[in-house]
Amino acid sequence: MTRKKIFISSVQSEFAEERQMLYDYLTTDVLFGIYFEPFIFENVPALNASPASVFLSEVENCDIYLGVFGALYGFEDTEGISPTEREFDAATNNNKVRLVYIKHSEQREPKEELLIKKAENAIVRKGFTTREELRTAVYASLVNYLLENEYIRTTPFDATLHPEATVADLNEDKIRDFTDEAHRRRRFPFDRNTDITKVLTHLDLIKGDRVTNAALLLFADRPQRYFISSTVKCAHFHGLTVSKPIPSYQIYKGTVFEVIASAVDFVLSKINLYTGDRSKSPQVDIIYELPIRAVTEAIVNAVAHRDYTSNDSVQVMLFPDRLEILNSGKLPWGLTINDLLTAHKSIPANPLMAEAMYLNGTIEQMGTGTEDIINLCTQMGLKQPEFKQDSGFKVVLYRKIPTDQATVYDANFESIVEKYIDNDVHRSILVLIDRQPKISAKKIAESIGMSQRGVQNNIEALKKKGILKREGTPKGGFWDIKFKR
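Note that this is a predicted model, so its numbers are computed, not measured.

Participant: Give me the nonpolar core: which residues, what numbers.
Facilitator: Membership of the largest hydrophobic core comes to 70 residues, with the highest contact counts inside it found for Leu205, Leu218, Phe219, Ile299, Val316, Leu323 and Leu397. Take this core: its biggest share by element is nine residues, from helix α10 (residues 256-270). When residues no more than four places from it in sequence are discounted, the contact partners of Phe219 are Leu170, Asn171, Lys174, Ile175, Phe178, Leu200, Leu205, Thr255 and Phe257. Within the second largest apolar cluster, 24 residues are counted, among which are Phe15, Leu26, Tyr101 and Val143.

Set out below in structure tokens:
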């Protein structure tokens, strides 16, 4: 961010040490050095310009005027006005933030008394006696400035008011649809006909006409306009590591509800689906290889608990043996990985957003998500999911590869393909076949998004090169990759 310029104004001869102290303090302090750039005339090089013009130009270009007044009025120009008063008037006329500190004195020059009264009539000023008191007063004022302008915050990210957005930036239909669902699912006290301002106020999502970050993520037409990384990136890999080719890659945008739904659909469209028969019931059972609720819960947790100040998006990566969901968040203080294995207290990183997601049913129950993921997967006979915390937070759901399609995986196969095959389509086909030797051309076509005829043509090309060979009967056979070791 661009640092805010602070113009330090005073009678130089009276406050030489205080001016240098403030300059050094603001430039070396760990916090203030990030946000502020102070100016004192003593550091200006020789210029072919009058001091008065330099002063006034710097005041016009500053963000904050910091005045230190004492006993002396200072040098007077031809109109009987000192540079200090000129600077204060310029800051006033240019609508700058003005911070004034007055040193206690038994006796002041008359014009200095008048200048102090002028300042007192316009703004709240702070008194001081020692340089330490001045530094403490400046510290308090600048921290308050950072808080008021939300450069630093003491509230959660989602509860912070956005500096620009208003209620007009929210989609009324989305709010009404949410209210209708929350009323039906959780007995939310309002229905879709309730005034949206009343709904948003009840959810602590607005203050006057201003809206919180949570309101934008939940109900804006385009949340990514305000938070560019609030997307979910989904990728499907045929190998066991993140490597090319990537047969399917999508970036989903929209509200938190919309990106969750899109990411869940992406996973369900790529994993195996089993259907039952009507021997016991006219209703045919449809079972995915990973529990839908576990997949949904893992993606919901990533979106709800991520760090939205990070430039990293939520990532959903599907491999032949597992599903990984990563987000930039961290476990809150007091929670450990072991705590996630059982019911635990809910400490959402974005509490306003989590409450709204609970009300409309996106979050089933606070504090039980990770335990539910474990139970749902183990009940299906899957390996227990894992939760990992390093630079971000990762959930791993393990898949079960059908025994009639599984082979011993050669960990070096992808690197072999990369080395010897320069055609991306051929690489994709070979990696798929390496994992599932009995896979059909139709299934390959569905996996890589190509027509079945196109896949057949590429298979024929690989067969002519002696890389692929079909073994066994046409229907019950399998593929053999010749350069595989």
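Participant: Just give me the short version of the sheet that holds strand β15 (residues 386-389), but keep the residues and values in it.
Facilitator: Read across the sheet, six strands follow the order β10-β9-β13-β14-β16-β15 without closing on themselves; strand pairing throughout is mixed. The open sheet has two edge strands with one neighbour each: β10 (248-252) and β15. Strand-to-strand twist across the sheet, computed as the mean angle between neighbouring axes with direction ignored, equals 15°. In the packing of helix α11 (residues 292-305) onto the sheet, the strands contacted are β9 (232-236), β13 (314-318), β14 (322-327) and β16 (393-398), and the crossing angle to β14 comes to about 15°.

Participant: Go over a nonpolar patch on the surface, please, and point to the residues and values.
Facilitator: A surface patch of nonpolar side chains, about 270 Å² in accessible area, is lined by Ile246, Tyr249 and Ile251. Note that Ile246 resides in the loop between β9 and β10. Classification of Ile246 as partly exposed rests on a relative accessible area of 38%.

Participant: Pulling in residues and values, what's your account of helix α5 (residues 110-122)?
Facilitator: With 13 residues, α5 ought to run about 18 Å at 1.5 Å a step, and its terminal C-alpha atoms sit 19 Å apart, in line with that. Buried residues along α5 sit in contact with β3 (64-69), α4 (83-93) and β4 (97-103).

Participant: So what's going on with the packing of aromatic side chains? Which residues, and what values?
Facilitator: Under the definition given, this model contains 21 aromatic pairs. Both rings, one in Tyr145 and one in Tyr151, keep their centres 6.2 Å apart while their planes meet at 25°; by these two values the pair is stacked. On the accessibility criterion, Tyr145 (11% relative accessible area) is buried. Tyr151 gets classed as partly exposed once you look at its relative accessible area, which sits at 30%.

Participant: Which residues make up the environment of Lys443, and what values go with them?
Facilitator: Relative to the helices and strands, Lys443 resides in helix α16 (residues 441-448). A sequence separation of 12 residues divides Lys443 from Val455, and the C-alpha atoms of the two residues are 9.9 Å apart.

Participant: Would you mind going over the sheet that holds strand β1 (residues 4-9) in detail, with residue names and values included?
Facilitator: Pairing in this open sheet of five strands is parallel, and the strands run β2-β1-β3-β4-β5 from one edge to the other. Either end of the sheet is taken by a strand with one partner, and the two such strands are β2 (36-39) and β5 (126-128). Within this sheet the neighbouring strands show an average axis-to-axis angle of 25°, counted without direction. Taken together, the six bridges between β3 and β4 define a ladder with parallel strand orientation. Within β4, the residue paired with Val68 across the bridge is Tyr101. Taken strand by strand, helix α1 (residues 16-28) contacts β1, β2, β3 and β4, and its axis lies near 165° from that of β1. Across the sheet, α4 touches β1, β3 and β4, and the angle it forms with β3 is around 150°.

Calculation rules
- Residues numbered from 1 in each chain as written.
- Predicted model: local features only at pLDDT ≥ 70, side-chain atom pairs only at ≥ 80, totals over all residues.
- Heavy atoms only, no water.
- Core = buried A, V, L, I, M, F, W, Y, C linked by side-chain atoms within 4.5 Å.
- Buried < 20%, exposed > 50% of the residue type's maximum accessible area, 1.4 Å probe, protein only.
- Helix = DSSP H or I, 4+ residues; strand = E, 2+ residues; numbered from the N terminus.
- Contact = heavy atoms within 4.5 Å.
- Pairing = 2+ DSSP bridges.
- Axes fitted to C-alpha atoms, helices over the stretch in contact; angles between N-to-C directions.
- Patch = residues over 30% accessible without salt bridge, like charges linked within 9 Å, V, L, I, M, F, W, Y side chains within 5 Å.
- Areas by Shrake-Rupley, 256 points an atom, 1.4 Å probe, with all protein chains shown as cover.
- Salt bridge = Lys/Arg side-chain N within 4 Å of Asp/Glu carboxyl O.
- Expected span 1.5 Å × (residues − 1).
- Phe/Tyr/Trp six-rings, centres within 6.5 Å; stacked < 30°, edge-to-face > 60°.

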